Amino acid sequence: MNKNEIKKVLSQFSLFRDLDDYELEKIVDISISREWKKNSHVFLQGDPLENVYFINDGKVKIYKSDANGREQIVAILKKGEMFPHVGFFRKGGYPGYSEVLEPASLVVVPISQFEKVLVENPHLSIKVFKVLGEKIVDLQERLESQILNNTYEQIIKLLIRLGELHGEKQEDGTIVLKTDFTNKDLANMIGTTRETVSRTLTKLKKDELITSDSQGNLILDPDVLLNELV
C-alpha cells in the first residue's frame, strides 16, 4: 500500500476517525503496510515489543503458551481491530503469540514513534485509553465467567460472544457462526478440553438450543442461549 492507501485504511478505525488530515498524516508518516501468509506469526511470545498492528484484511489469533506448551487463546481479531493492546507506554516483550489464520494485510506502526504522536496529541491519547478500557472490561467479564460459571455456562457465553464478533446475522434473528473455530480452539479460549466442548455442543444440539447446517456451521439464537443461563 502507498501512503494514500494507508491513510484511507487508518481513517476507518474508530481510533483515528475524528482526526483531521494534518493529525492523521502524522500517523501515516510513521506507518508501513505488510502482508502475512496464513499460519505465519506476526510476532512470538517474548519478542521485543516494537510495533502496534492495525488489521486491514484477514484474521489473527492472539494466544499464550505455558511451559508445557498448552495454548490459551486470548482473542481472534479481524478487519478493523488493532493489537497488541498492551503495546503503549510499556517496555519488554510481547506477552503472547500472534498467528495469522487467514492471509492478512496489516498496517504497522512503531510504538516508540506512535507514543511521541500520542504525547503531542492528548485527545488521541484519550481515545487510546478508551479502547484499552473496553478491552479491560471484556477481559474482566471473561475472568468473571471463568470464576462464577461452570463449563457448560462458559461455553454458552463463548458461543454468544463469538456470534456477536464473528457471526453473520440472519433475517430471522439467528446468527450463523462459520466453522472457523475448531472444538480445540473453543476449548483453548476458556481453558477446558476439546472433549468437553464436543459433549457440550452435542447436548446443545440435542436440546435444540443450537443447530448446524450442511456445511457444519453453527446456527444459534443469542436470546435462546441467554434464557438457558437464567
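Structural notes, computed from the coordinates. Note that the coordinates shown come from a computational prediction; the quantities given were computed from them, not determined experimentally.

### Quick notes on the overall build of the chain
In step 1: When you go through the chain residue by residue, the secondary structure sums to eight helices and 10 strands.
In step 2: Relative to the 2.2 N^0.38 estimate, which gives 17 Å for 230 residues, the radius of gyration of the chain is 19 Å and therefore close to what a compact globule would have.
In step 3: Counting all 230 residues of the chain, 45% fall into the buried class.
In step 4: Summarising the internal contacts of the chain: among those between residues at least 6 apart in sequence, 70% fall at separations of at least 24.
In step 5: Within the structure as shown, the chain displays about 12,800 Å² of accessible surface, and the carbon and sulfur contribution to it stands at 50%.
In step 6: Positive and negative side-chain charges in the chain, numbering 31 and 36 respectively, have mean positions lying 4 Å apart.

### Details of the nonpolar core
In step 1: Phe16, Phe54, Phe83 and Phe114 are the most contacted members of the largest nonpolar core, which totals 39 residues.
In step 2: For this core, the secondary-structure elements that each account for two or more residues are α1 (3–10), α2 (21–29), β2 (41–43), β3 (51–65), β5 (82–83), β6 (97–110), α3 (111–120) and α4 (122–148).
In step 3: Grouped together as the second largest cluster of nonpolar side chains are 25 residues, Leu159, Leu162, Leu177 and Phe181 included.

### Some remarks on the packing of aromatic side chains
In step 1: Inspection of the entire model under this criterion finds 10 aromatic pairs.
In step 2: On the numbers, 6.2 Å between centres and 50 degrees between planes, the contact of Phe16 with Phe114 is tilted. Here the residue Phe16 occupies a position in the loop between α1 and α2, and Phe114 occupies one in helix α3, the gap between them amounting to 98 residues.
In step 3: Ring geometry for Phe43 against Tyr94: centres 3.8 Å apart, planes inclined by 5 degrees, an arrangement best described as stacked.

### Some details on the packing of α1 against α2
In step 1: Interhelical geometry of α1 versus α2 gives an angle of 115 degrees and a closest axis separation of 10 Å. When the axes of α1 and α2 are compared, the pair comes out roughly perpendicular. Considering how the two elements wind past one another, α1 and α2 form a crossing that is right-handed. For the pair α1 and α2, contact is made by Lys3, Ile6, Lys7 and Leu10 and by Asp21, Leu24, Glu25, Ile27, Val28 and Asp29, respectively.

### Overview of the sheet that holds strand β9 (residues 210–212)
In step 1: Taken in spatial order, the four strands make up an open sheet running β7-β8-β10-β9, and their pairing is antiparallel. If you trace the sheet from one side to the other, it starts and ends with β7 (168–169) and β9, each paired once.
In step 2: Bridge count between β7 and strand β8 (residues 175–177): two bridges; the pairing is antiparallel. In the sheet register, Glu168 faces β8, and the bridge partner there is Val176.
In step 3: In this fold helix α5 (residues 151–166) packs onto β7, β8 and β10 (218–220), with an angle of close to 95 degrees to the strand it touches most, β8.

### Observations concerning the pattern of salt bridges
Pairing between side chains of opposite charge can happen when the charged atoms of each approach one another.
In step 1: Scanning the entire structure with this criterion turns up eight salt bridges.
In step 2: For Glu120, the salt bridge is made with Lys26, and the minimal N-O distance between the two is 4.0 Å. Of this pair, Glu120 sits in helix α3 while Lys26 sits in helix α2, and the two are 94 residues apart along the sequence.
In step 3: Overlapping salt bridges bring together Lys7, Asp21 and Glu25 as one network.

### With respect to the environment of Lys157
In step 1: Within the secondary structure, Lys157 sits in helix α5.
In step 2: On the basis of relative accessibility, which here comes to 35%, the residue Lys157 falls in the partly exposed class.
In step 3: Sequence-wise, Lys157 and Leu229 are 72 residues apart; in three dimensions their C-alpha atoms are separated by 8.6 Å.

Thresholds applied
Residues numbered from 1 in each chain as written. Predicted model: local features only at pLDDT ≥ 70, side-chain atom pairs only at ≥ 80, totals over all residues. Heavy atoms only, no water. Helix = DSSP H or I, 4+ residues; strand = E, 2+ residues; numbered from the N terminus. Rg over C-alpha atoms; globule rule 2.2 N^0.38 Å. Buried < 20%, exposed > 50% of the residue type's maximum accessible area, 1.4 Å probe, protein only. Contact = heavy atoms within 4.5 Å. Areas by Shrake-Rupley, 256 points an atom, 1.4 Å probe, with all protein chains shown as cover. Lys, Arg positive; Asp, Glu negative; His and termini not counted. Charge placed at Lys NZ, Arg CZ, Asp CG, Glu CD. Core = buried A, V, L, I, M, F, W, Y, C linked by side-chain atoms within 4.5 Å. Phe/Tyr/Trp six-rings, centres within 6.5 Å; stacked < 30°, edge-to-face > 60°. Axes fitted to C-alpha atoms, helices over the stretch in contact; angles between N-to-C directions. Parallel < 35°, antiparallel > 145°, perpendicular 65-115°, else oblique. Left-handed = near helix turned anticlockwise from the far one by under 90°. Pairing = 2+ DSSP bridges. Salt bridge = Lys/Arg side-chain N within 4 Å of Asp/Glu carboxyl O.

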